[in-house]
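Each chain, letter by letter, is given below.
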Amino acid sequence: MEATVRKTKGYVLRDWLMSYLFLLPAFGFFLLFVAYPMVKGVYISFFDYSLRDFNFIWFDNYISLIHNDTFLKSMRNTLLLVVITVPIVIVFSIFVAVNIYKKKEFARSFFRGVFYLPAVSSVVSITVVWGWIYHPNYGILNYLTSLFGAEPISWLGDTRTALLAIIAVLITTSVGQPIILYVASLGNIPTSYIEAAELDRATPWQIFRKIVWPMLMPTNLYIIVITTINTFQCFALIQLLTSGGPVYSTSTVMYGVYEQAFVLGHFGNASAMGVLLAIVIGIISIIQFKYFGSDVEY
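Caption draft 1: Highlighting the side chain of Ser251. Its location among the elements puts Ser251 in the loop between α12 (236-241) and α13 (253-263). Residue classification places Ser251 among the buried residues on the basis of a relative accessible area of 1%. In this view, Ser251 contacts Lys73, Ser74, Asn77 and Gly244; residues no more than four positions away in its chain are not counted.

Caption draft 2: Fine view of the packing of aromatic side chains. Under the definition given, this model contains 22 aromatic pairs. With 4.8 Å between their ring centres and 50° between their planes, Trp16 and Tyr20 make a pair best called tilted. Placement of both Trp16 and Tyr20 in helix α1 (residues 2-44) is noted, with a separation of four residues, approximately one turn of the helix. For Trp16, a relative accessible area of 47% puts it in the partly exposed group. When the centroid spacing of 5.3 Å and the interplanar angle of 85° are considered together, the rings of Phe46 and Phe59 count as edge-to-face. With a gap of 13 residues between them, Phe46 in the loop between α1 and β1 (47-49) and Phe59 in the loop between β2 (54-56) and α2 (60-66) connect regions that are remote in the sequence. Of the residues examined, Phe59 reaches a relative accessible area of 46% and is grouped as partly exposed. Taking NZ or CZ as reference, Arg108 lies 4.8 Å from the ring centre of Tyr101, over its face.

Caption draft 3: Region of interest: α13. Residues of α13 that are buried include every one of Val253, Tyr255, Gly256, Val257, Glu259, Gln260 and Ala261, and no others. Within two residues after α13, Gly265 carries a phi angle of roughly 75°, on the positive side.

Thresholds, definitions, all that
Residues numbered from 1 in each chain as written. Predicted model: local features only at pLDDT ≥ 70, side-chain atom pairs only at ≥ 80, totals over all residues. Heavy atoms only, no water. Helix = DSSP H or I, 4+ residues; strand = E, 2+ residues; numbered from the N terminus. Buried < 20%, exposed > 50% of the residue type's maximum accessible area, 1.4 Å probe, protein only. Contact = heavy atoms within 4.5 Å. Phe/Tyr/Trp six-rings, centres within 6.5 Å; stacked < 30°, edge-to-face > 60°. Lys NZ or Arg CZ within 6 Å of the ring centre and 35° of its normal.

Put into structure tokens, the structure is as follows:
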């Protein structure tokens, strides 16, 4: 009996070691390229770190950011991007997914491919296309508005329209994955629930609010959190289309991190901005998990 127990423990230990050996490559990659840079970034944020200096200055970088008008404007722009983009992406994705799901299999696959195409396309190529659309002289958007007698607009060069133009691009590149996930999740809702509601003469809105929406809650949580994080980290569109201009009207925190670190060489300031952004994302994600993460009772 004792020998059997020792043999069983040996098998368990061997399986435990084999499991962690298989995890080791991914875990090593995570430590080297995710965990270490995060810890290093927090460490650098307490230093006046540039190409010439490396002096410990406690919380001076954070204090200077709080009083930095450019950073505060970048944070405001970032929050505006999130507040406007995320709800539009969620509502539009659900609307499209519900209508796609009602179609036949061929049409459903076609529309899923059409909407998912921007999500798998290069950000640079998408940005080049949108740059042409927004061009003040030969852009197609000004051409269309001129048909109604409107004057040409510098969409990316005007502080009144630049951020809205970025939001439009961001929405088109963000709806692909949510639509695919919502279509898949709609297929997991038992048709008997909807049929029973229809027999009870429930309206389409009542069916959606009482049956479809609650059963989509796990998908909602994932999409809302991921879309929020991706929007907070918006950088490539800003750099390629406006470089934060005009007059920092489209500058975001992520673009500010890039500018401080790789343009101005202020790595301590850039690290402090990254830490503050991570804290804001963490707080908002916790709130989203609290609100949308409750278990759904079926």
